[in-house]
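Results of the structural survey
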Amino acid sequence: MKTNDLPDHATPIAFTLNGRAVEAAPGETLLTAARRAGVAVPHLCHKDGLRSPGNCRACVVEIEGERVLAPSCCRAPTPGMVVTTDSPRAAAAQKTVLELLLSDAPDTAALKHDSELAHWAEQAGARAGRFPARAAAVQDLSHPAMSVNLDACIQCTRCIRACRETQGNDVLGLAFRGGHAQIVFDQNDPMGESTCVACGECVQVCPTGAIAPANGAYARASDKQVDSVCPFCGVGCQLTYHVTDEKIEHVEGINGPANEGRLCVKGRFGFDYAHSPERLTRPLIRRADAPKDPHAVMLRDWRELFREASWDEALDAAANGFKQAMASTTARGRQGPVAGFGSAKGTNEEAYLFQKLIRTAFATHNVDHCTRLCHASSVAALMEGLGSAVVTNPLRDVQHADFVLLIGANPAQNHPVGATWIKNAVKNNGMKLVLADPRSTELARHSWKHLGFKSGTDVALLNALLHTIVFEGLTDPAYIEAHTLDFAQLKAHLADFSPEAMAPVCGIDAPTLREVARAYATAKNAMILWGMGISQHTHGTDNARCLIALSLITGQIGRPGTGLHPLRGQNNVQGASDAGLIPMVLPDYQKVSDVHAREKAEQLWHLPSGTLGSEAGLTVVEIIDAAHRREIRAMLIQGENPAMSDPDATHAREALAGLDHLVVQDIFLTETASLADVVLPATAWPEKTGSVTNTDRCVQLGRKAVRAPGEAMADAWITEQLARRLGLDWTYGVAADGSAAADARGGIGAVFEEMRAMMPSIAGLSWARLQREGAVTYPVASEDDPGQPVVFTDGFPTASGRASLVGASVTPPAEVPDAAFPMVLITGRQLEHWHTGSMTRRSEVLDALEPGPVVSLHSTTARRLGLKAGAVAQVRSRRGEVALPVRLDDAMPLDTAFIPFAYAEAAANLLTNPALDPVGKIAELKYCAVDVRPAVTTQESVRV
């Protein structure tokens, strides 16, 4: 037999397998070659994607001329080798190994219905009882997500390799000796008390169910499996929902382009929010006797505020309220009375329809979404400098980088699977990682250098790096000459920003700044990753300008392992932005001031010429301010929670409560929905089909896995029904249940095709192709274009084809510590909770892991303040105050507090500063002045 599916360009290695002529590719193992040839060999320690140690010996084969049997999982064939997998000697050895393992293991199929041990034992005719069993191990049920049953453990070490080599978490190990050897967590701690981050990689690779979901989901086969995309961060991991009786029982990672089977705790164990008893299941209309109270937005019994209504009544009420607002004034455009907040948590099609509805029904560009609170300053700087706001390289390009600057981001918490690629690159490829962050976050232990600079001094730090590169002659003159503008002006600007001058400002010594700058500039391939620690400042655009300049003056762009990657926070913040959910651009970042872009939209949307205005709309914070001034009188909010996410949340809540008409479509009665006049129950991510675009520009297909509860309907259907009631002739025929047909003549497919017609970046990605391939990276110009993961290889999409270099001056944050408010507050996400917590806090596992808010303080700071771990602290700013328990964390800078913003009972954004970046119009959520002291309370200390 000759195999025909060898890797392309491989020189085959001919050998004999079970008497047949076969071929293997160079580097291929005997096990893999045999499997490709249709020969099944028992194996347990081997798992595709993991290094094969050959320790279980279940896969041994006989090789002619060799005295001992060879493990086929880690032995490569050589030309002329004669291999037998089923000789009496090999078969007896395989069976003996399996029977030895069966002697200790219980019925592993009871733990894992598709136990690999049970499968191979049956194939080999192995039976339990031939060898005496050892003493039973104690079951470990200390973790809310996973159970540990060491009786079923066969010490294949897959879990150890997955934990250490794949995820880079270094929690699992093998301890003790001989017959006492066992898998342990840390220093033989209970799993629930260990440093395990619950990524569940060990669960996914375990062949027997020794480590399995705590809910027993592995014990039975699911009714159906549906491939989809994770609904949380921007990494865009592909996964499979395992569904029984219309309920998701468990989730597994699959081989998607961003994750290759990997998941984090949210993706693997955070799915049950969709089945929460708190889901909205019927439309609600505010009761006449229930006035809006901006100071009481915490979830109460909805019956105190609303009454149930039919869909027709609720949609009519929603539309009529908007009509009344429009009739109250003749003002349009930015001065119009209506605005919309769309969602980065839905599909591209939902975002596209939402922005189209606001623009066409209300004659305004007052439509925005959470990118304004995430990466608006990054987008502004990238558009200014490069003519495009997209990431230049996928995150996984770190594997091709020699040097990575990671600044203002905490991927281990916010993009955990992305963090695994960084850890792998450091360990396997020797990549130099520089972590620039005031906090010493998890990736610090993997870094070559940790630059713990003073909060708010990013520009000083980055200008020092730029100065070093420019004045030490480390630039790429040829690249600068061919591809950039204004280098001379930048050089003159940087003259005053030497490392020696900036060291006292940023807190990093001059020799270290010079060493890092030299390493970046001289690396063969260097890449920059950043997050909201860069963008959420009043100087956020300046921060990004500096990063862009670093990349351009060194020519570190346009190749694999180089470039600029602002890490997107939500699952579809990239796609929602691409689809036009931004007040100053139409889909594909075509400026509303561009007459040709407006004409194109008007023709496609069948609007009279001149319908779309040329003036950019208001941004998120500007809309809230306008509502507070009663200039915006009505709002439509889809899947966003500004009562929690907007800075100075008290101000935002007062603005929302003061609206004449507020319509919210969501899956829960959020803090924002509690202030609505009409609440429309929508579908959760697993309940609909549509496309989503991750941080890498990869457009992927999310598929409907379960039915929505009660009368909850798809967001796109809701938008279409509202459009019709507002006088728009929409005929997409979107399915109310969130389903989508392969036919693009109607439904979500028709929406996608219309969106594609507006967006040159995905011109070659048809609905049919997306259905067929599941994931394509744009730009994709034609049906046969595979997509372009790396962009700007030969220029930039600007009028000159060149990128602009823009200098940045050092400016302080809008609010700095003083005697009354002497400390700095940083806000952000946690590993277990996401955004405002509306989804993750309704997941049993995630809520059990992090059940309540905390304020993190360095132990020295806490001692100075008279606070201990678990004691309740009062944190106060000029805008509000919260009380919450203390968590001691010596990774924190001195005199700095960190509060996650997912907890309504201690909402961090009650404290944050709404001061805006003048260019990106993003609020300074990452820095404000606070006072921290022991709270006056009788509450006892709590576990943190």
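In this report, we go over the structure that sits alongside the text. Everything quoted here is computed from the prediction, not taken from an experiment.

**Brief notes about the overall build of the chain**
Regarding its fold elements, the chain presents 29 helices and 39 strands. The C-alpha radius of gyration computed for the chain amounts to 29 Å, which stays within 12% of the reference 30 Å derived for 944 residues, consistent with globular compactness. Taken along the three principal axes of its C-alpha coordinates, the chain extends 90 × 70 × 65 Å. The proportion of buried residues among the 944 residues of the chain is 63%. For the chain, restricting intrachain contacts to residue pairs at least 6 apart in sequence, the fraction spanning at least 24 positions comes to 71%. Counting every atom, the chain has about 33400 Å² of accessible surface; 51% of that belongs to carbon and sulfur.

**Quick word on the pairing of strand β12 (residues 247-253)**
In summary, the side chains of a regular strand alternate between the two faces of the sheet. Of all seven residues in β12, five are buried; the element is thus mostly enclosed. Here strand β11 (residues 238-244) pairs with β12 via six bridges, running antiparallel. Its bridge partner lying in β12, Tyr241 is registered against Val251.

**A closer look at the packing of aromatic side chains**
Remark: the centre distance and the inter-plane angle together describe each pair of aromatic rings, the angle taken between the planes. Taken as a whole and judged by the stated rule, the model has ten aromatic pairs. Judged by centre distance (5.5 Å) and plane angle (85°), the rings of Phe232 and Trp834 are edge-to-face. Residue Phe232 is found in the loop between β10 (224-229) and β11, and its partner Trp834 is found in the loop between β32 (823-828) and α28 (844-849); the two are separated by 602 residues along the sequence. Summarising the burial analysis for this pair, Phe232 and Trp834 share the class buried. Geometrically, the ring pair formed by Trp311 and Trp717 is edge-to-face, given 5.3 Å between the ring centres and 90° between the ring planes. One end of the pair, Trp311, is in helix α8 (residues 311-327); the other, Trp717, is in helix α25 (residues 715-725), and 406 residues separate them in sequence. Trp311 sits in the buried class, given a relative accessible area of 9%. Taken together, Phe232, Tyr273 and Trp834 form an aromatic cluster joined through their ring pairs. Taking NZ or CZ as reference, Arg262 lies 3.7 Å from the ring centre of Trp421, over its face. Over the face of the ring belonging to Trp448 we find Lys432, whose NZ or CZ atom lies 4.2 Å from the ring centre.

**Quick notes on the sheet that holds β11**
Spatially, three strands are ordered β10-β11-β12 in an open sheet, and the strand pairing comes out antiparallel. On the outer flanks of this sheet lie β10 and β12, each paired with one strand and no other. Across the sheet, the axes of successive neighbouring strands diverge by a mean angle of 30°, strand direction being ignored.

**Brief notes about the packing of helix α13 (residues 458-471) against helix α19 (residues 540-553)**
Close contact between α13 and α19 brings their axes to 9 Å; oriented N to C, the two are set at 20°. When the interaxial angle is binned, α13 and α19 end up roughly parallel. As α13 runs across α19, the sense of the crossing is left-handed. Along the contact surface, α13 presents Asp458, Val459, Leu462, Asn463, Leu465, Leu466, Ile469 and Val470, while α19 presents Asp542, Asn543, Cys546, Leu547, Ala549, Leu550 and Ile553. Taken together, the residues of the contact of α13 with α19 sort by class into eleven nonpolar, two polar and two charged.

**Quick look at helix α2 (residues 88-104)**
If you check α2, its first and last C-alpha atoms are 25 Å apart, about what 17 residues at 1.5 Å a residue would give, namely 24 Å. Restricting attention to buried positions, one finds in α2 the residues Ala90, Gln94, Val97, Leu98, Glu99, Leu101, Leu102 and Ser103. Buried residues belonging to α2 abut β3 (60-63), β5 (82-84) and α4 (116-124).

**A closer look at the sheet that holds strand β29 (residues 698-702)**
Spatially, the three strands line up as an open sheet ordered β28-β29-β30, and their pairing is antiparallel. Bordering the open sheet on either side are β28 (690-693) and β30 (775-777), each of which pairs with just one other strand. The mean inter-strand angle of the sheet, taken between neighbouring strand axes irrespective of direction, is 25°. Note that β28 and β29 share four bridges and pair antiparallel. Along β29, the bridge assignment pairs Thr693 with Val699. The strands that helix α9 (residues 348-361) touches are β28 and β29; relative to β28, the one it contacts most, it runs at about 90°.

**Here we look at the pairing of β28**
Alternating positions in β28 separate into two faces, Gly690 and Val692 on one and Ser691 and Thr693 on the other, with burial throughout. In textbook terms, the turn of a hairpin is the stretch between consecutive antiparallel strands, and for β28 and β29 this stretch comprises four residues, one of which, Arg697, has a positive phi near 70°.

**Some remarks on the state of the cysteines**
Within the structure shown, the criterion is met by zero disulfides. Take Cys546: it sits in no disulfide, and the sulfur closest to it among the cysteines is that of Cys506, at 12 Å. Given a relative accessible area of 1%, Cys546 falls into the buried group. Looking at the unpaired Cys928, the closest cysteine sulfur is the one in Cys374, lying at 17 Å.

**Here we look at the environment of Ile254**
Position of Ile254 among the secondary structure elements: in the loop between β12 and α7 (265-269). Sequence-wise, Ile254 and Cys237 are 17 residues apart; in three dimensions their C-alpha atoms are separated by 8.1 Å. The residues touching Ile254, leaving out its near neighbours within four places in the chain, are Asp227, Gln238, Leu239, Thr240, Asn259, Glu260 and Gly261.

**Quick notes on the nonpolar core**
One finds Leu386, Leu547 and Leu550 to be the most contacted residues of the largest nonpolar core, which totals 165 residues. The element best represented in this core is α13, accounting for nine residues. Excluding its chain neighbours within four sequence positions, the residues that come into contact with Leu547 are Leu405, Ile407, Leu462, Ile528, Trp530, Ile534 and Leu564. Formed by 34 residues, the second largest nonpolar core is a distinct cluster that contains Ala290, Ile632, Ala643 and Ala655.

**Notes on the environment of Ile553**
Inspection of the secondary structure puts Ile553 in helix α19. With relative accessibility at 0%, the residue Ile553 sits in the buried group. Each C-alpha atom of the pair Ile553 and Leu805 lies 8.5 Å from the other, and the pair is 252 residues apart in sequence. In this structure, Ile553 is in contact with Leu466, Ile469, Val470, Thr475, Asp476, Ile480, Phe487, Leu490 and Leu805, ignoring residues within four places of it in sequence.

**Re the pattern of salt bridges**
Per the stated rule, a full pass over the model turns up 56 salt bridges. For the salt bridge of Arg282 with Glu308, the shortest nitrogen-to-oxygen distance reads 3.1 Å. Taken together, the residues span a long stretch of sequence, with Arg282 in the loop between α7 and β13 (284-286) and Glu308 in strand β14 (residues 306-308) at a distance of 26 residues. For Arg282, a relative accessible area of 29% puts it in the partly exposed group. Glu850 serves as the salt-bridge partner of Arg887, at 3.1 Å between the closest nitrogen and oxygen. Taken together, the positions of Arg887 in strand β35 (residues 881-888) and Glu850 in the loop between α28 and β33 (855-857) put the pair 37 residues apart, joining distant regions of the chain. Looking at Glu850, the relative accessible area reads 9%, which means it is buried. By sharing partners, the salt bridges in this structure join Glu472, Glu500, Arg514 and Arg518 into a single network.

Parameters at a glance
- Per chain, the residues get numbers from 1 upward, laid out in the order the sequence is written.
- Reporting in this predicted model follows two pLDDT cut-offs: at least 70 for local features of residues, and 80 or more for side-chain atom pairs to be given and counted; totals over whole chains, interfaces and linings ignore these cut-offs and use all residues.
- To obtain the side-chain values, all non-hydrogen atoms of the structure were included, while hydrogens and water were left out.
- Under the scheme used here, helices are H or I runs from DSSP no shorter than 4 residues and strands are E runs no shorter than 2 residues, and both carry numbers assigned from the N terminus.
- Computation of the radius of gyration draws on C-alpha atoms alone. For the globule rule, the value is 2.2 Å times the number of residues to the power 0.38.
- For every residue, the accessible area (1.4 Å probe, protein chains only) is compared with the maximum for its type, and the residue is labelled buried under 20%, exposed over 50%, or partly exposed between those bounds.
- Here, residues are in contact when the closest pair of their heavy atoms is within 4.5 Å.
- Per-residue accessibility takes into account occlusion by the displayed protein chains alone, with areas from the Shrake-Rupley method and a 1.4 Å probe.
- Any two strands with at least two DSSP bridges between them are considered paired.
- Between the rings of Phe, Tyr and Trp (Trp by its six-membered ring), a pair exists once the centres lie within 6.5 Å; its type follows the angle of the planes, with under 30 degrees stacked, over 60 edge-to-face, and the other angles tilted.
- Any Lys NZ or Arg CZ found within 6 Å of a ring centre and within 35 degrees of that ring's normal is scored as a charge over the ring.
- All axes are obtained by fitting lines to C-alpha atoms, using only the stretch in contact for helices, and the reported angles, taken between N-to-C directions, cover 0 to 180 degrees.
- Angles below 35 degrees are treated as roughly parallel, those above 145 as roughly antiparallel, those between 65 and 115 as roughly perpendicular, and all remaining angles as oblique.
- For any pair of crossing helices, the crossing counts as left-handed if the nearer helix is rotated counterclockwise from the farther one by less than a right angle, and right-handed if it is rotated clockwise.
- Nonpolar residues are Ala, Val, Leu, Ile, Met, Phe, Trp, Tyr, Cys and Pro. Charged residues are Asp, Glu, Lys and Arg, and all others, Gly as well, are polar.
- For a helix, the expected span equals 1.5 Å multiplied by the residue count minus one.
- What counts as a disulfide here is a pair of cysteine sulfur atoms lying within 2.5 Å.
- Only buried residues count toward a nonpolar core, which is a set of Ala, Val, Leu, Ile, Met, Phe, Trp, Tyr and Cys residues joined through side-chain atoms within 4.5 Å.
- Each salt bridge in this description consists of a side-chain nitrogen of Lys or Arg and a carboxyl oxygen of Asp or Glu lying within 4 Å of one another.

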